Amino acid sequence: MKRLRVDLGGVNLVLTGIFFGVLQWSAFFQLQSNLAATALVWMLATVAWLSGSLLGLVIPGPDRELGWLAATTLGYYLLRWLAAAHVYDLNWLPPLLGCVVIMGGYAGRFFRCRQAGPGGARRLFTLENTGFVAGM
């Protein structure tokens, strides 16, 4: 029975990686198609995602992983709505990047919550990264 739990944990890591891959590429696609298809926008979105991840890692308090997941999902839909409502308006770049920061927050919190899981960080990064590549 314990082996089944470890396998389900691995499936969860891969599925979370797929979620991150789809989420990140979908957000970048929204920005590139509705705002500006420039390297600068892509780079700023990447920095925003990584900043959110860092915040998710360092913000103290209870993990409440489900709340972080909900905020990430809402952040994506807010980004999608704002980008579609303000097509090619670069004045909306800061709020859109704020949405990307929110979306990246769960990535950091996920790694913080799961770091002590079975198999350690090596298994965590391997399975999540495999899922992320599949999600892309």
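Before reading on, note that the structure itself is shown above.
Residues numbered from 1 in each chain as written. Predicted model: local features only at pLDDT ≥ 70, side-chain atom pairs only at ≥ 80, totals over all residues. Heavy atoms only, no water.

Quick word on unusual backbone geometry
Formally: Working definition: helices are DSSP H or I runs of at least four residues, strands are E runs of at least two. Numbering for both runs from the N terminus. For the exposure calls, accessible area comes from a 1.4 Å probe over protein chains only, and a residue counts as buried if that area is under 20% of its type's maximum, exposed if over 50%, partly exposed in between.
One non-glycine residue, Arg64, lies in the positive phi region at around 40°. With respect to the helices and strands, Arg64 occurs in the loop between α2 (39-58) and α3 (65-85). Phi is positive for Tyr88, which is not a glycine, with a value near 60°. Looking at the element boundaries, Tyr88 is found in the loop between α3 and α4 (93-114). Residue classification places Tyr88 among the exposed positions, given a relative accessible area of 60%.

Here we look at the packing of aromatic side chains
Here is the rule: Each Phe, Tyr or Trp ring, with Trp reduced to its six-membered ring, pairs with another whose centre is within 6.5 Å; inter-plane angles below 30 degrees give stacked pairs, above 60 give edge-to-face pairs, and intermediate values give tilted ones.
Taken as a whole and assessed by the stated rule, the structure comprises 10 aromatic pairs. On the numbers, 6.0 Å between centres and 45° between planes, the contact of Phe19 with Phe20 is tilted. On the basis of relative accessibility, which here comes to 2%, the residue Phe20 falls in the buried class. For the pair Trp25 and Phe28, a centre-to-centre distance of 6.3 Å together with 75° between the ring planes defines the contact as edge-to-face. Taken as a pair, Trp25 and Phe28 lie in helix α1 (residues 2-34) at a separation of 3 residues, close to a single helical turn. Under the relative-accessibility criterion, Trp25 is labelled partly exposed at 40%. Joined through ring pairs, the aromatic side chains of Phe19, Phe20, Trp49, Tyr106, Phe110, Phe111 and Phe125 make up one cluster.

Notes on the environment of Cys99
Under the convention used in this document: Any two residues having at least one pair of non-hydrogen atoms within 4.5 Å are treated as being in contact.
Structurally, Cys99 can be placed in helix α4. By relative accessible area, Cys99 is classed as buried at 3%. C-alpha of Cys99 to C-alpha of Phe132: the two residues are 33 residues apart in sequence and 20 Å apart in space. In this structure Cys99 touches Gly75, Leu78, Leu79 and Leu82, once residues within four positions along its chain are discounted.

Focus on the pattern of salt bridges
Threshold: Should a side-chain nitrogen of Lys or Arg be within 4 Å of a carboxyl oxygen of Asp or Glu, the pair is scored as a salt bridge.
Throughout the structure, instances matching the rule amount to 3 salt bridges. Note that Asp63 is salt-bridged to Arg112, the shortest N-O span being 3.7 Å. Linking Asp63 in the loop between α2 and α3 with Arg112 in helix α4, this pair joins segments that are 49 residues apart in sequence. Since its relative accessible area comes to 31%, Asp63 is described here as partly exposed. Arg112 sits in the partly exposed class, given a relative accessible area of 24%. One salt-bridge network, held together by shared partners, links Asp63, Arg109 and Arg112.

A few points about the packing of α3 against α4
Note the following rule: Only the stretch in contact is used when a helix axis is fitted, and all axes are lines through C-alpha atoms; the angle between N-to-C directions ranges over 0 to 180 degrees. Roughly parallel means an angle under 35 degrees; roughly antiparallel means over 145; roughly perpendicular covers 65 to 115; every other angle is labelled oblique. Left-handed describes a crossing whose near helix is turned anticlockwise from the far helix through less than a right angle; right-handed describes the clockwise counterpart. When residues are sorted by character, Ala, Val, Leu, Ile, Met, Phe, Trp, Tyr, Cys and Pro go into the nonpolar class, Asp, Glu, Lys and Arg into the charged class, and all the rest, Gly among them, into the polar class.
Running from N to C, α3 and α4 point in directions that differ by 160°, and their axes come no closer than 8 Å. Regarding the angle of α3 to α4, the classification is roughly antiparallel. The way α3 lies across α4 gives a crossing that is left-handed. Mapping the contact onto sequence places Glu65, Trp68, Leu69, Ala71, Thr72, Gly75, Tyr76, Leu78, Leu79, Leu82 and Ala83 in α3 and Leu96, Cys99, Val100, Ile102, Met103, Gly105, Tyr106, Arg109, Phe110, Cys113 and Arg114 in α4. When grouped by side-chain class, the residues that make up the contact of α3 with α4 number 16 nonpolar, 3 polar and 3 charged.

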